[in-house]
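# Structural features, examined
Below, each chain spelled out in residue letters.
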2 protein chains.
Amino acid sequence: FGAPPPAANDPMWGYFTAIAGQDGEIDAEELQRCLTQAGFTGSYTPFSLETCRIMIGMLDRDFTGKMGFNEFKDLFVALNGWKQNFMMFDQDRSGTVEPHEMSQAINSMGEDRYRVSPQTLNAIIKRYNKGGRIYFDDYVACCVRLRGLTESFRRRDTMQQGSVTFQYDDFILSTMAI
Amino acid sequence: FGAPPPAANDPMWGYFTAIAGQDGEIDAEELQRCLTQAGFTGSYTPFSLETCRIMIGMLDRDFTGKMGFNEFKDLFVALNGWKQNFMMFDQDRSGTVEPHEMSQAINSMGEDRYRVSPQTLNAIIKRYNKGGRIYFDDYVACCVRLRGLTESFRRRDTMQQGSVTFQYDDFILSTMAI
Ligand SMILES: [Ca+2]
Ligand SMILES: [Ca+2]
Ligand SMILES: [Ca+2]
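Because the structure is predicted, anything quoted here is derived from the model rather than measured. (Residues numbered from 1 in each chain as written. Chains lettered and ligands numbered in written order. Predicted model: local features only at pLDDT ≥ 70, side-chain atom pairs only at ≥ 80, totals over all residues. Heavy atoms only, no water.)

## Regarding helix α7 (residues 136-156) of chain B
The terminal C-alpha atoms of α7 of chain B lie 30 Å apart, and with 21 residues this matches the ideal 30 Å at 1.5 Å per residue to within 8%. Of all 21 residues that make up α7 of chain B, 16 are buried, and the element is covered over most of its length. (Helix = DSSP H or I, 4+ residues; strand = E, 2+ residues; numbered from the N terminus. Expected span 1.5 Å × (residues − 1). Buried < 20%, exposed > 50% of the residue type's maximum accessible area, 1.4 Å probe, protein only.)

## Remarks on the interface of chain B and chain A
At the junction of the two partners, chain B supplies 45 residues and chain A supplies 45 residues. Interface area for chain B against chain A, summed over the two sides, is near 4,200 Å², with a carbon-plus-sulfur share of 59%. When the area that chain B buries against chain A is broken down by residue, the three leading residues are Arg127, Tyr168 and Met176 of chain B, summing to 21%. Linking chain B with chain A are 4 salt bridges. Between Glu50 of chain A and Arg127 of chain B there is a salt bridge; the shortest N-O distance is 2.9 Å. The set of elements that each furnish at least two residues to the side of chain B that touches chain A consists of α3 (49-59), α6 (118-128), α7, β3 (163-167) and α8 (168-176) of chain B. A total of 8 residues in the side of chain B that touches chain A trace back to one element, the largest contributor, which is α6 of chain B. Residue classes in the side of chain B that touches chain A are distributed as 21 nonpolar, 13 polar and 11 charged. Inspection of the sheet shows strand β3 (residues 163-167) of chain A paired to β3 of chain B by 5 bridges, in the antiparallel sense. Bridge assignment links Ser163 of chain A to a residue of β3 of chain B, and that residue is Gln167 of chain B. (Contact = heavy atoms within 4.5 Å. Buried area = accessible area lost by both parts, 1.4 Å probe. Salt bridge = Lys/Arg side-chain N within 4 Å of Asp/Glu carboxyl O. Nonpolar A, V, L, I, M, F, W, Y, C, P; charged D, E, K, R; others polar. Pairing = 2+ DSSP bridges.)

## A word on the nonpolar core
By size, the foremost hydrophobic cluster in this structure holds 112 residues, and its most contacted members are Leu31 and Tyr139 of chain A together with Leu31 and Tyr139 of chain B. Here Tyr139 of chain B is in contact with Trp82, Asn85, Phe86, Met102, Ala105 and Ile134 of chain B, once residues within four sequence places are set aside. (Core = buried A, V, L, I, M, F, W, Y, C linked by side-chain atoms within 4.5 Å.)

## What about the relation of the copies chain B and chain A?
With an axial shift of 0.0 Å and an RMSD of 0.0 Å, the rotation relating chain B to chain A amounts to 180°. When the rotation and shift are considered jointly, the pair of chain copies conforms to a two-fold rotation axis. Across chain B, the smallest distance between a C-alpha and the rotation axis is recorded for Thr165 of chain B, namely 2.0 Å. Interface overlap between copies is the fraction of interface residues in one copy that are interface residues in the other; for chain B against chain A it reaches 100%, indicating a shared surface. (Least-squares fit on C-alpha atoms with pLDDT ≥ 70 in both.)

Here's what the structure looks like:
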(Lines give C-alpha, C1' and ligand atoms only; values in the text may rest on other atoms or scores of the structure.)
(Ligands and ions follow the chains in the order given, each with its own letter.)
Protein backbone atom coordinates (compact mmCIF):
# COMPACT_ATOMS: atom_id res chain seq x y z
CA PHE A 1 0.00 0.00 0.00
CA GLY A 2 1.06 3.64 -0.07
CA ALA A 3 2.83 3.60 -3.42
CA PRO A 4 0.76 4.43 -6.51
CA PRO A 5 0.48 1.64 -9.09
CA PRO A 6 3.31 1.93 -11.63
CA ALA A 7 2.35 3.74 -14.81
CA ALA A 8 2.07 1.25 -17.66
CA ASN A 9 3.81 3.79 -19.88
CA ASP A 10 6.88 3.98 -17.63
CA PRO A 11 9.73 2.82 -19.91
CA MET A 12 11.27 0.76 -17.10
CA TRP A 13 8.08 -1.15 -16.34
CA GLY A 14 8.35 -3.62 -19.21
CA TYR A 15 11.98 -4.17 -18.36
CA PHE A 16 11.17 -4.76 -14.70
CA THR A 17 8.39 -7.27 -15.37
CA ALA A 18 10.54 -9.19 -17.83
CA ILE A 19 13.14 -9.73 -15.11
CA ALA A 20 10.86 -10.14 -12.13
CA GLY A 21 8.88 -13.01 -13.62
CA GLN A 22 5.76 -14.45 -12.10
CA ASP A 23 6.11 -13.23 -8.54
CA GLY A 24 6.46 -9.60 -9.68
CA GLU A 25 9.50 -9.04 -7.52
CA ILE A 26 13.25 -9.23 -8.11
CA ASP A 27 15.55 -11.33 -5.96
CA ALA A 28 19.34 -11.13 -5.77
CA GLU A 29 19.99 -13.62 -8.58
CA GLU A 30 17.53 -11.87 -10.89
CA LEU A 31 19.07 -8.50 -10.04
CA GLN A 32 22.57 -9.75 -10.82
CA ARG A 33 21.43 -11.15 -14.17
CA CYS A 34 19.59 -7.95 -15.00
CA LEU A 35 22.48 -5.61 -14.17
CA THR A 36 24.88 -7.82 -16.10
CA GLN A 37 22.66 -8.10 -19.18
CA ALA A 38 21.93 -4.37 -19.12
CA GLY A 39 25.69 -3.83 -19.26
CA PHE A 40 25.42 -1.56 -16.25
CA THR A 41 28.99 -2.06 -15.09
CA GLY A 42 30.33 -1.34 -18.59
CA SER A 43 33.97 -2.31 -18.82
CA TYR A 44 34.07 -3.04 -15.09
CA THR A 45 33.67 -6.54 -13.67
CA PRO A 46 29.95 -7.43 -13.24
CA PHE A 47 28.49 -7.12 -9.75
CA SER A 48 29.00 -10.10 -7.47
CA LEU A 49 25.96 -11.89 -6.08
CA GLU A 50 27.00 -10.69 -2.62
CA THR A 51 26.82 -7.06 -3.69
CA CYS A 52 23.41 -7.65 -5.28
CA ARG A 53 22.15 -9.12 -2.01
CA ILE A 54 23.37 -6.05 -0.15
CA MET A 55 21.54 -3.86 -2.70
CA ILE A 56 18.32 -5.70 -1.97
CA GLY A 57 18.98 -5.57 1.77
CA MET A 58 19.31 -1.79 1.59
CA LEU A 59 15.91 -1.27 0.00
CA ASP A 60 13.96 -4.20 1.32
CA ARG A 61 12.23 -2.61 4.30
CA ASP A 62 9.60 -5.34 4.60
CA PHE A 63 12.31 -8.03 4.72
CA THR A 64 10.94 -10.23 1.95
CA GLY A 65 14.41 -10.50 0.39
CA LYS A 66 12.97 -9.15 -2.86
CA MET A 67 12.50 -5.84 -4.59
CA GLY A 68 9.38 -4.27 -6.09
CA PHE A 69 9.19 -1.80 -8.98
CA ASN A 70 9.59 1.44 -7.00
CA GLU A 71 12.52 0.05 -5.06
CA PHE A 72 14.07 -1.04 -8.36
CA LYS A 73 13.82 2.48 -9.74
CA ASP A 74 15.30 3.97 -6.56
CA LEU A 75 18.20 1.57 -6.83
CA PHE A 76 18.92 2.58 -10.43
CA VAL A 77 19.09 6.24 -9.51
CA ALA A 78 21.46 5.51 -6.63
CA LEU A 79 23.64 3.17 -8.71
CA ASN A 80 23.99 5.74 -11.45
CA GLY A 81 25.15 8.33 -8.95
CA TRP A 82 27.75 6.00 -7.44
CA LYS A 83 28.97 4.93 -10.85
CA GLN A 84 29.46 8.53 -11.98
CA ASN A 85 31.28 9.28 -8.76
CA PHE A 86 33.56 6.27 -9.18
CA MET A 87 34.35 7.06 -12.81
CA MET A 88 35.21 10.62 -11.88
CA PHE A 89 37.99 9.25 -9.68
CA ASP A 90 38.96 6.32 -11.88
CA GLN A 91 40.29 8.51 -14.65
CA ASP A 92 42.57 5.86 -16.10
CA ARG A 93 39.64 3.36 -16.22
CA SER A 94 41.66 0.74 -14.38
CA GLY A 95 38.50 -0.34 -12.53
CA THR A 96 39.96 0.66 -9.18
CA VAL A 97 40.35 3.82 -7.15
CA GLU A 98 42.90 4.70 -4.51
CA PRO A 99 42.08 4.84 -0.77
CA HIS A 100 42.31 8.64 -0.61
CA GLU A 101 39.91 8.91 -3.56
CA MET A 102 37.47 6.59 -1.83
CA SER A 103 37.73 8.78 1.28
CA GLN A 104 36.87 11.85 -0.75
CA ALA A 105 33.94 10.09 -2.39
CA ILE A 106 32.50 8.91 0.95
CA ASN A 107 32.99 12.30 2.55
CA SER A 108 31.17 13.98 -0.30
CA MET A 109 28.12 11.78 0.37
CA GLY A 110 27.47 12.64 4.02
CA GLU A 111 26.56 16.01 5.46
CA ASP A 112 26.41 17.65 8.90
CA ARG A 113 26.11 15.15 11.68
CA TYR A 114 25.99 12.22 9.29
CA ARG A 115 29.62 12.47 8.35
CA VAL A 116 32.15 9.90 9.49
CA SER A 117 35.42 10.51 11.34
CA PRO A 118 38.87 9.83 9.85
CA GLN A 119 39.15 6.71 12.07
CA THR A 120 35.90 5.31 10.70
CA LEU A 121 36.85 6.17 7.12
CA ASN A 122 40.10 4.33 7.67
CA ALA A 123 38.29 1.25 9.00
CA ILE A 124 35.91 1.28 6.03
CA ILE A 125 38.76 1.45 3.55
CA LYS A 126 40.62 -1.36 5.33
CA ARG A 127 37.48 -3.46 4.96
CA TYR A 128 36.78 -2.75 1.29
CA ASN A 129 40.22 -2.61 -0.30
CA LYS A 130 41.97 -5.45 -2.08
CA GLY A 131 45.73 -5.10 -2.22
CA GLY A 132 45.48 -1.39 -1.42
CA ARG A 133 42.96 -0.58 -4.16
CA ILE A 134 39.16 -0.41 -4.18
CA TYR A 135 37.35 -2.20 -7.02
CA PHE A 136 34.05 -0.98 -8.43
CA ASP A 137 32.05 -3.91 -7.02
CA ASP A 138 33.40 -3.33 -3.50
CA TYR A 139 32.96 0.41 -3.83
CA VAL A 140 29.28 -0.05 -4.64
CA ALA A 141 28.82 -2.63 -1.85
CA CYS A 142 30.34 -0.10 0.55
CA CYS A 143 28.14 2.76 -0.69
CA VAL A 144 25.01 0.63 -0.49
CA ARG A 145 25.71 -0.49 3.06
CA LEU A 146 26.71 2.97 4.24
CA ARG A 147 23.51 4.42 2.81
CA GLY A 148 21.34 1.65 4.23
CA LEU A 149 22.88 1.91 7.70
CA THR A 150 22.67 5.71 7.66
CA GLU A 151 18.99 5.60 6.66
CA SER A 152 18.25 3.08 9.40
CA PHE A 153 19.98 5.32 11.90
CA ARG A 154 18.25 8.50 10.71
CA ARG A 155 14.80 6.95 10.82
CA ARG A 156 15.39 6.29 14.53
CA ASP A 157 17.12 9.62 15.20
CA THR A 158 13.79 11.45 15.26
CA MET A 159 15.21 14.49 17.05
CA GLN A 160 18.09 14.69 14.54
CA GLN A 161 20.62 14.72 17.34
CA GLY A 162 23.06 12.33 15.81
CA SER A 163 22.52 9.69 18.49
CA VAL A 164 20.15 6.74 18.80
CA THR A 165 19.41 4.26 21.57
CA PHE A 166 19.14 0.75 20.17
CA GLN A 167 17.67 -2.30 21.84
CA TYR A 168 19.84 -5.31 21.04
CA ASP A 169 17.28 -6.95 18.77
CA ASP A 170 16.68 -3.77 16.78
CA PHE A 171 20.44 -3.23 16.45
CA ILE A 172 20.84 -6.69 14.93
CA LEU A 173 17.80 -6.27 12.68
CA SER A 174 19.16 -2.93 11.41
CA THR A 175 22.62 -4.20 10.68
CA MET A 176 22.50 -7.91 9.77
CA ALA A 177 20.18 -7.58 6.78
CA ILE A 178 22.47 -5.19 4.92
CA PHE B 1 50.84 -5.09 24.09
CA GLY B 2 48.66 -6.99 26.53
CA ALA B 3 48.95 -10.41 24.93
CA PRO B 4 51.84 -12.63 26.03
CA PRO B 5 54.29 -13.57 23.28
CA PRO B 6 53.18 -16.78 21.57
CA ALA B 7 54.90 -19.89 22.84
CA ALA B 8 57.38 -21.13 20.26
CA ASN B 9 56.23 -24.65 21.02
CA ASP B 10 52.60 -23.93 20.16
CA PRO B 11 51.87 -26.31 17.27
CA MET B 12 49.96 -23.62 15.39
CA TRP B 13 52.77 -21.08 15.56
CA GLY B 14 54.83 -22.53 12.72
CA TYR B 15 51.71 -22.81 10.63
CA PHE B 16 50.74 -19.22 11.35
CA THR B 17 54.15 -17.77 10.50
CA ALA B 18 54.33 -19.76 7.27
CA ILE B 19 51.08 -18.13 6.11
CA ALA B 20 51.55 -14.69 7.58
CA GLY B 21 54.86 -14.05 5.85
CA GLN B 22 57.07 -11.07 6.51
CA ASP B 23 54.59 -8.72 8.16
CA GLY B 24 53.64 -11.33 10.78
CA GLU B 25 49.94 -10.80 10.19
CA ILE B 26 47.34 -12.49 8.02
CA ASP B 27 45.15 -10.58 5.58
CA ALA B 28 41.97 -11.83 3.91
CA GLU B 29 43.68 -13.37 0.87
CA GLU B 30 46.19 -15.21 3.06
CA LEU B 31 43.40 -16.42 5.32
CA GLN B 32 41.42 -17.76 2.37
CA ARG B 33 44.47 -19.60 1.02
CA CYS B 34 45.24 -21.01 4.45
CA LEU B 35 41.73 -22.29 5.16
CA THR B 36 41.53 -23.80 1.68
CA GLN B 37 44.92 -25.51 1.89
CA ALA B 38 44.19 -26.79 5.39
CA GLY B 39 41.08 -28.42 3.94
CA PHE B 40 39.03 -26.76 6.64
CA THR B 41 35.78 -26.78 4.70
CA GLY B 42 36.20 -30.47 3.88
CA SER B 43 33.74 -31.51 1.20
CA TYR B 44 32.06 -28.10 1.36
CA THR B 45 32.88 -25.30 -1.07
CA PRO B 46 35.91 -23.29 0.12
CA PHE B 47 35.26 -19.98 1.87
CA SER B 48 34.74 -16.98 -0.40
CA LEU B 49 37.10 -14.03 -0.09
CA GLU B 50 34.14 -11.97 1.15
CA THR B 51 33.58 -14.33 4.07
CA CYS B 52 37.29 -14.26 4.91
CA ARG B 53 37.17 -10.47 5.00
CA ILE B 54 34.24 -10.62 7.40
CA MET B 55 36.21 -13.03 9.60
CA ILE B 56 39.05 -10.56 9.80
CA GLY B 57 36.62 -7.69 10.40
CA MET B 58 35.16 -9.54 13.37
CA LEU B 59 38.48 -9.95 15.14
CA ASP B 60 40.40 -6.94 13.94
CA ARG B 61 39.76 -4.54 16.79
CA ASP B 62 42.64 -2.25 15.87
CA PHE B 63 41.35 -1.91 12.29
CA THR B 64 44.55 -2.84 10.54
CA GLY B 65 42.67 -5.21 8.23
CA LYS B 66 44.95 -8.03 9.38
CA MET B 67 45.04 -10.71 12.01
CA GLY B 68 47.72 -11.59 14.56
CA PHE B 69 48.44 -14.99 16.09
CA ASN B 70 46.05 -14.82 19.04
CA GLU B 71 43.21 -13.61 16.84
CA PHE B 72 44.00 -16.44 14.43
CA LYS B 73 43.66 -19.01 17.20
CA ASP B 74 40.40 -17.46 18.42
CA LEU B 75 39.05 -17.66 14.90
CA PHE B 76 39.92 -21.36 14.61
CA VAL B 77 38.06 -22.17 17.80
CA ALA B 78 34.99 -20.26 16.63
CA LEU B 79 35.09 -21.77 13.14
CA ASN B 80 35.29 -25.27 14.53
CA GLY B 81 32.24 -24.66 16.67
CA TRP B 82 30.22 -23.31 13.77
CA LYS B 83 31.29 -26.13 11.52
CA GLN B 84 30.23 -28.76 14.06
CA ASN B 85 26.93 -26.98 14.48
CA PHE B 86 26.35 -26.85 10.74
CA MET B 87 27.24 -30.50 10.20
CA MET B 88 24.87 -31.50 12.97
CA PHE B 89 22.04 -30.04 10.91
CA ASP B 90 23.36 -30.98 7.48
CA GLN B 91 22.92 -34.69 8.06
CA ASP B 92 22.70 -35.56 4.37
CA ARG B 93 25.97 -33.62 3.71
CA SER B 94 24.34 -31.66 0.90
CA GLY B 95 26.32 -28.59 1.97
CA THR B 96 23.16 -26.69 2.83
CA VAL B 97 20.76 -26.44 5.74
CA GLU B 98 17.11 -25.45 5.78
CA PRO B 99 15.86 -22.10 7.12
CA HIS B 100 14.32 -23.63 10.24
CA GLU B 101 17.59 -25.42 11.02
CA MET B 102 19.47 -22.14 10.65
CA SER B 103 16.97 -20.53 13.05
CA GLN B 104 17.64 -23.23 15.62
CA ALA B 105 21.39 -22.87 15.22
CA ILE B 106 21.28 -19.09 15.67
CA ASN B 107 18.95 -19.32 18.63
CA SER B 108 21.23 -21.80 20.33
CA MET B 109 24.09 -19.28 20.14
CA GLY B 110 22.51 -16.35 21.99
CA GLU B 111 21.39 -16.25 25.60
CA ASP B 112 19.22 -14.01 27.78
CA ARG B 113 18.95 -10.51 26.48
CA TYR B 114 21.22 -11.25 23.55
CA ARG B 115 18.70 -13.38 21.74
CA VAL B 116 17.00 -12.20 18.57
CA SER B 117 13.27 -12.04 17.86
CA PRO B 118 11.48 -14.17 15.26
CA GLN B 119 11.22 -11.09 12.97
CA THR B 120 14.98 -10.54 13.12
CA LEU B 121 15.69 -14.24 12.59
CA ASN B 122 13.45 -14.11 9.55
CA ALA B 123 15.29 -11.08 8.14
CA ILE B 124 18.65 -12.77 8.70
CA ILE B 125 17.54 -15.89 6.87
CA LYS B 126 16.14 -13.86 3.99
CA ARG B 127 19.54 -12.21 3.71
CA TYR B 128 21.68 -15.35 3.84
CA ASN B 129 19.67 -17.92 1.89
CA LYS B 130 20.14 -18.82 -1.76
CA GLY B 131 17.07 -20.37 -3.34
CA GLY B 132 15.62 -21.19 0.07
CA ARG B 133 18.72 -22.96 1.41
CA ILE B 134 21.69 -21.76 3.42
CA TYR B 135 25.16 -22.76 2.20
CA PHE B 136 28.07 -23.33 4.55
CA ASP B 137 29.97 -20.24 3.39
CA ASP B 138 26.96 -18.00 3.97
CA TYR B 139 26.19 -19.68 7.28
CA VAL B 140 29.67 -18.92 8.54
CA ALA B 141 29.55 -15.34 7.20
CA CYS B 142 26.29 -14.91 9.10
CA CYS B 143 27.68 -16.39 12.34
CA VAL B 144 30.81 -14.26 12.13
CA ARG B 145 28.86 -11.05 11.61
CA LEU B 146 26.31 -11.85 14.29
CA ARG B 147 29.07 -12.57 16.78
CA GLY B 148 31.06 -9.46 15.84
CA LEU B 149 28.02 -7.19 16.06
CA THR B 150 26.91 -8.74 19.34
CA GLU B 151 30.37 -8.28 20.85
CA SER B 152 30.48 -4.67 19.70
CA PHE B 153 27.09 -4.10 21.28
CA ARG B 154 27.98 -5.83 24.54
CA ARG B 155 31.21 -3.90 24.96
CA ARG B 156 29.12 -0.72 24.93
CA ASP B 157 26.28 -2.13 27.03
CA THR B 158 28.27 -1.70 30.22
CA MET B 159 25.19 -1.95 32.46
CA GLN B 160 24.09 -5.14 30.66
CA GLN B 161 20.66 -3.67 30.05
CA GLY B 162 20.30 -4.79 26.46
CA SER B 163 20.30 -1.25 25.14
CA VAL B 164 23.05 1.06 23.89
CA THR B 165 23.10 4.68 22.80
CA PHE B 166 25.22 5.08 19.67
CA GLN B 167 26.61 8.27 18.20
CA TYR B 168 26.30 8.11 14.42
CA ASP B 169 30.03 7.76 13.82
CA ASP B 170 30.41 4.96 16.35
CA PHE B 171 27.40 3.17 14.87
CA ILE B 172 29.00 3.22 11.42
CA LEU B 173 32.40 2.18 12.79
CA SER B 174 30.80 -0.74 14.65
CA THR B 175 28.83 -2.02 11.71
CA MET B 176 30.65 -1.19 8.46
CA ALA B 177 33.88 -3.02 9.23
CA ILE B 178 32.15 -6.40 9.67
CA1 LIG C 1 10.97 -12.70 -9.05
CA1 LIG D 1 42.22 3.78 -11.40
CA1 LIG E 1 21.57 -30.63 3.90
